[in-house]
Amino acid sequence: MTTDPLPPGLTRNSRLDRWVEMRTDGVVEVRTGKVEIGQGITSALAQIAAEELDVDYARIRMIPADTGRSPNEGVTAGSRSTMDGGGALRQACAEVRDAFLQAAARRLNAGVDELFVRDGTIHRKASNESATYWELSAEVDLSRDADGRVAPKRADQLTLVGKSLPRLDLPDKVAGAGVYVHDLELPGMLHGRVVRPPSYRAVLDAFDGKRIETMPGVRAVVRDGRFLGVVAAREEQAVAAAAALAKGAVWHEAEDLPDVDAIPAFLRSRPSKAKILSEKGVPKQAGAHAVSASYSRPFLAHASIGPACAVARVQSGAIEVWCQSQSIHPTRLDIAKTLGVAPDTITVRHVQGAGCYGHNAADDAALDAVLLARAVEGHPVRLQWSHEDELAWSPFGPAMVVAMEGAVDDAGRIVDWRHELWSNPHIARPGLQESPSLLAAWHLDQPFAQPPGIDALPGIQPTSERNAVPIYDFPNQRVVLNALERLPVRTGTLRAIGGFLNTYAIECFMDELAHAAGVDPVELRLNHLSDERAIAVIKAARERSGLASRSRHDGSGGDGSRGMGLGFARYSNEAAYAAVVVEVEAGATINVVRAVAAVDCGRTINPDGVRNQVEGGIVQAVSWVLKEQVRFDRTRITTRTWDDYPILRFSEAPPVEVSIIDRPDEPSLGVGEAVAGPVAAAIANAVFDAIGVRVRDLPLTRERMLAAINDA
Amino acid sequence: MTQSIELNINGARSVVTADPGTPLIYVLRNDLKLKGTRFGCGAGVCGCCTVLLDGRGIQSCNTPVSAAQGREITTIEGLGGKAGTHPLQQAFVDEQAGQCGYCLTGVVMGAAALLGRNPSPTEAEIRSELDIHLCRCGAYDRILRAIRRASEMISKRGE
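Fair warning: this is a prediction, and the values are worked out from it, not measured in the lab.

Student: Just checking my understanding: could you explain the overall build of chain B for this structure?
Tutor: A tally of helices and strands in chain B yields six helices and five strands. The order of α-helices and β-strands along chain B, N terminus first, is β-β-α-β-β-β-α-α-α-α-α. Seen through its principal axes, chain B has C-alpha atoms that stretch 45 × 35 × 20 Å. By residue count, 60% of the 159 residues in chain B fall in the buried class.

Student: What's the story with the overall build of chain A in this structure? I'm lost.
Tutor: Of the regular secondary structure elements, chain A holds 17 helices and 24 strands. Rg of the C-alpha trace for chain A: 27 Å, near the compact-globule value of 27 Å for 712 residues, within the 12% margin. Over its C-alpha atoms, taken along the principal directions, chain A stretches across nearly 80 × 75 × 45 Å. Relative to its full complement of 712 residues, chain A shows a buried share of 63%. Across chain A, contacts joining residues at least 24 apart in sequence account for 78% of those joining residues at least 6 apart. Total accessible area on chain A is roughly 24700 Å²; 48% of this is exposed by carbon and sulfur atoms. Measuring between centres, the 78 positive side-chain charges of chain A sit 1 Å from its 92 negative side-chain charges.

Student: Would you mind showing me how to read the domain arrangement of chain A here?
Tutor: It is common to give the size of an interface as the accessible area that goes away when the parts come together. Residues and elements named next belong to chain A. The domain architecture assigned to chain A consists of domain 1 (8–161), domain 2 (186–253 + 308–384) and domain 3 (270–299 + 396–426 + 463–711). Taking both sides of the interface into account, the surface hidden between domain 1 and domain 3 amounts to around 1100 Å²; carbon and sulfur atoms contribute 54%. Contact with domain 3 buries surface across domain 1, with S79, M83 and A155 losing the most and accounting together for 38% of the total. At the surface where domain 1 touches domain 3, the tally comes to zero salt bridges.

Student: Looking at this structure, I do not really get the domain arrangement of chain B. What am I missing?
Tutor: All names here are of chain B. Domain annotation of chain B identifies domain 1 (3–75) and domain 2 (81–158). At the interface, 17 residues of domain 1 touch 11 residues of domain 2. Taken together, the two surfaces of domain 1 and domain 2 that pack against each other cover about 1000 Å², and 62% of this comes from carbon and sulfur. Area buried by domain 1 at its contact with domain 2 is led by R38, C48 and T50, which between them contribute 37% of it. Applying the counting rule to domain 1 against domain 2 returns four residue pairs in polar contact (both at pLDDT 80 or more).

Student: Explain the nonpolar core to me, please; I cannot follow it from the model alone.
Tutor: The nonpolar side chains of a soluble globular protein tend to be buried, and buried together. Core analysis: the biggest nonpolar cluster contains 213 residues, and Y504(A), F568(A), V584(A), I683(A), F92(B) and I143(B) have the highest contact counts within it. Per-element accounting of this core gives the leading share, 12 residues, to helix α12 (residues 497–517) of chain A. Look past the residues within four positions of Y504(A) in its chain and what remains in contact with it is Y295(A), G677(A), A680(A), A681(A), A684(A), V695(A), R696(A), L698(A) and L700(A). Counting residues in each nonpolar core, the second largest holds 47 residues, with V20(A), A46(A), A131(A) and L158(A) among its members.

Student: What's the story with the pattern of salt bridges in this structure? I'm lost.
Tutor: Where charged atoms of side chains with opposite charge meet at close range, the side chains can pair. All names here are of chain A. Applying the stated criterion across every chain, the model contains 66 salt bridges over all chains. R201 serves as the salt-bridge partner of D256, at 2.5 Å between the closest nitrogen and oxygen. Here D256, found in the loop between β11 (250–252) and α8 (263–269), pairs with R201, found in the loop between β7 (190–195) and β8 (203–206); they are 55 residues apart in sequence, far enough to count as distant. For R201, a relative accessible area of 35% gives the class partly exposed. A salt bridge links R525 to D511, with the nearest nitrogen and oxygen atoms 2.8 Å apart. Note that R525 is positioned in helix α13 (residues 521–526) and D511 in helix α12, a separation of 14 residues in sequence. For the residue pair R525 and D511, the accessibility class agrees, reading buried in each case. Residues participating in the shared-partner salt-bridge network are E21, R23, D25, E29, R31 and R69.

Student: Sorry, what's going on with the interface of chain B and chain A here?
Tutor: Chain B puts 50 residues into the contact, and the matching count from chain A is 62 residues. Summed over both sides, the interface of chain B with chain A buries roughly 4500 Å², with 51% coming from carbon and sulfur. Among the residues chain B hides against chain A, the three largest losses belong to Q99(B), R136(B) and Y140(B). Together they make up 20% of the total. The interface formed by chain B and chain A holds eight salt bridges in total. Taken together, the residues of the side of chain B that touches chain A sort by class into 25 nonpolar, 13 polar and 12 charged.

Student: Please clarify how unusual backbone geometry should be interpreted in this entry.
Tutor: One can expect most non-glycine residues to show negative phi and most peptide bonds to be in trans. The amide bond that connects L698(A) to the next residue, P699(A), takes the cis arrangement and shows omega of -5°. Of note, P699(A) is situated in the loop between α16 (676–691) and α17 (702–711).

Student: What should I look at first to understand the side chain of R124(A) in this one?
Tutor: Take R124(A): it is sitting in strand β5 (residues 121–124). The contact partners of R124(A), leaving out residues within four places of it in the chain, are L108(A), N109(A), A110(A), E114(A), L115(A) and E129(A).

Student: Looking at this structure, how should I read the packing of helix α3 (residues 87–94) of chain B against helix α4 (residues 104–117) of chain B?
Tutor: Packed helix pairs are specified by the crossing angle of their axes together with the interaxial distance, meaning the distance between the axes. Residues and elements named next belong to chain B. Look at α3 against α4: their axes get within 10 Å of each other, and the N-to-C directions meet at 130°. As judged from the angle between their axes, α3 and α4 are oblique. In this structure, α3 meets α4 at a crossing whose hand is right-handed. Mapping the contact onto sequence places L88, Q89 and F92 in α3 and L104, V107, V108, A111, A112 and L115 in α4.

Student: Would you explain the sheet that holds strand β4 (residues 115–118) of chain A in this entry?
Tutor: Residues and elements named next belong to chain A. The strand order across the open sheet built from three strands is β4-β5-β6, with neighbouring strands paired in antiparallel fashion. The sheet terminates laterally at β4 and β6 (130–132), the two strands that pair on one side only. Within the sheet, the average angular offset between the axes of one strand and its neighbour, ignoring direction, is 25°. Sheet topology note: the β5/β6 ladder contains three bridges and is antiparallel. From the neighbouring strand, T121 faces β6, where its bridge partner is T132.

Student: Looking at this model, I keep getting lost on the state of the cysteines. Mind explaining?
Tutor: Residues and elements named next belong to chain A. Scanning the entire structure with this criterion turns up zero disulfides over all chains. Free cysteine: C309, not disulfide-bonded; nearest cysteine sulfur from C323 at 10.0 Å. Residue classification places C309 among the buried residues on the basis of a relative accessible area of 0%. Classification of C323 by relative accessible area gives buried; the value is 0%.

Student: I tried to follow the pairing of strand β10 (residues 227–232) of chain A on my own but got confused; where do I start?
Tutor: Remark: a regular strand shows side chains that alternate across the two faces of the sheet. Residue and element names in this part refer to chain A. With six of its six residues buried, β10 lies for the most part within the structure. Burial of β10 is two-sided: the residues F227, G229 and V231 facing one way and the residues L228, V230 and A232 facing the other way are all buried. The pairing of β7 with β10 spans five bridges and is classified as antiparallel. Of the residues in β10, the one forming a bridge with V194 is G229. Sheet topology places strand β9 (residues 218–224) next to β10; six bridges connect them, and they run antiparallel. Bridged to A220 within β10 is V231. In sequence, β9 turns back onto β10 through a hairpin of two residues, with G225 there showing a positive phi of about 65°.

Calculation criteria
- Residues numbered from 1 in each chain as written.
- Chains lettered and ligands numbered in written order.
- Predicted model: local features only at pLDDT ≥ 70, side-chain atom pairs only at ≥ 80, totals over all residues.
- Heavy atoms only, no water.
- Helix = DSSP H or I, 4+ residues; strand = E, 2+ residues; numbered from the N terminus.
- Buried < 20%, exposed > 50% of the residue type's maximum accessible area, 1.4 Å probe, protein only.
- Rg over C-alpha atoms; globule rule 2.2 N^0.38 Å.
- Contact = heavy atoms within 4.5 Å.
- Areas by Shrake-Rupley, 256 points an atom, 1.4 Å probe, with all protein chains shown as cover.
- Lys, Arg positive; Asp, Glu negative; His and termini not counted.
- Charge placed at Lys NZ, Arg CZ, Asp CG, Glu CD.
- Domains from an automatic or database assignment.
- Buried area = accessible area lost by both parts, 1.4 Å probe.
- Salt bridge = Lys/Arg side-chain N within 4 Å of Asp/Glu carboxyl O.
- Polar contact = N/O pair within 3.5 Å; in protein donor to acceptor, adjacent residues only side chain to side chain.
- Core = buried A, V, L, I, M, F, W, Y, C linked by side-chain atoms within 4.5 Å.
- Nonpolar A, V, L, I, M, F, W, Y, C, P; charged D, E, K, R; others polar.
- Axes fitted to C-alpha atoms, helices over the stretch in contact; angles between N-to-C directions.
- Parallel < 35°, antiparallel > 145°, perpendicular 65-115°, else oblique.
- Left-handed = near helix turned anticlockwise from the far one by under 90°.
- Pairing = 2+ DSSP bridges.
- Disulfide = S-S within 2.5 Å.

Shown next as structure tokens:
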């Protein structure tokens, strides 16, 4: 019998009982290594499990991930959970269902082909005989490995997948249930706060711990190198003690940050290693119209609404951690490394936090909590970051620059395409490098070195260069990554990573070439695409937005204040296809009036879940493009509050319309990151359409717009 | 100095021992175990910690507990009253308005304050009233739909 290879997540965690437990009371417990970060993944995975097991969606209970029992699926990131985690769970559930069918066949003395399953009850056709999963669970041994001999359902057999089932988590969230790690309440729990240095490389000269120890409720003052923290009985007491501790600490600092207003030049001046990502044809063809342009994005904060939080308990050499980490297994490794203990002395459990959108402070908080809990053996310590630290000390999405050169002939054929980018490695997640990738580890008396970062991991696409190689068919192209070393500003992965700026640059530049040649920018795209799915989303977005009905599409068709623009990408050239049209009112300030997106993410598990992710992705990208920029002086990060780092508000959020092109026979593809780049380019293209002005450095602030308008 | 403080929360009397300057949110979450009020910024500018004080929305992260004495405090846990679920909460589920959900209880309380004094607000009034509330997941569109739906539910019920 031939079998398909198992999905990688299942090969690594092949025992079926690691994934599914059929309880005798009619509840199906499903374990997954993927964690809920607001994207709705646990609901999508529950839907997949219910589908393959043929049970009601309401029977599924998704068990939060922990390092003790859950499958180790690495990191929940990169819009890969539906692709990878969903694929593994689907196969595991198909095999579990088959195991129960075999057991029922034995009990009913029937052939498997005489049986069918309805909500966990296995019926024998043309008879009243039946057996339920719950009755059979004692005699079905799931402590065996998946073997790939059973195929999951075909597209035409699906009954639940493809339906907009409601999310499992929302009722509790709107009821105000204690669903977040912030809400944990353990016996004897104390409250902790950490006092961070005022800048990345500040050195602690003096601090007055004695005075803090006498403050009301204070149970411990912790100092290890330049890691400072307090533990107190009540939360407000910990806050007050931390404030006093911060006030009394004396630091000296260095002016070692670059000029925040000249980041592109700074990046281009750094030592770098060139890597040719694509080279074909005879680059540097002269065309009728040669164009060059440079695009950049600033450092961007994840800017979670809720500050990072974790709870830890240290007792008799055993360490327990509850945290919002996207990577509980790797984070455990780095905590163990930092403390010099064996990983199996540590249990890390995932509890939801506020949305993170990439690698934020979630993992750092886990180590912080452990370091404080060590000072009060036996007492759980609930550690919460301040909002200011959340904005200033979390890893930032790295600043990047892209320089484009190209040429287009009079017939609208792009004859030359050159894309050169500068970026430091994006990946700084825990568990991947020699030195721990946790903030406090670098601040200890015996500090670990901050690791250099990683650009590529096995099995996933390199991060900086994501989307750099164009999906368009060009006869001549050269794409080069200038890989920088780690920057003096702390960075980590942010939603859409390198794909955001690469797509922004490509999709703006397509419009710039179209303008130079006097051709329609959407037609220019279509004329250089052979991928039918790409063509379909672009046409759908054009039709639904009304862009198709406009008389001029040459990038200057607006009326002097209102304009429309399109951006397109297939995220990382292997995930979802997305085309976005936005309409703007543009002047010195830009107002996004509406956004219309068309996406193709293969087989859609939950259409409303896809829409929700796409809508949110659009709003977040609008926020990045119009408002967001981490700022610093030569010493300190200065964006520390919502006043310094504004994000899009209710009054500014555009109505968003999302249409889905479902492909039931194609693999499911993640959508969380698909629209960010297209949105950014669509806004810039719409602004140009409206007023003939283009600002290429993000964000498109009032100052930059005014300068560009004055230059025009 | 800690002292005994009497509070009227969700229609019931509670007595807590705390410093009167303690931000109300810590008393709600830690003393009364009402965890549905979320801590966001600590400066009263993100809306996560919104509760009702005599029906008006206030930010509990920068309101001292002493300021709530003698007034009616309503948190998300008490919003639905005897029915258990407020039309706003039902509407948020119906519209699937949320992702990570961290901002939602604050948004619901802010919207409840608005609908309490104006059961049929215009879209502009909703946007303006809720402008203090930040949603990083970007669920604004759905949240607006949910509030409009709740407004209709309440209006119908009142007829």
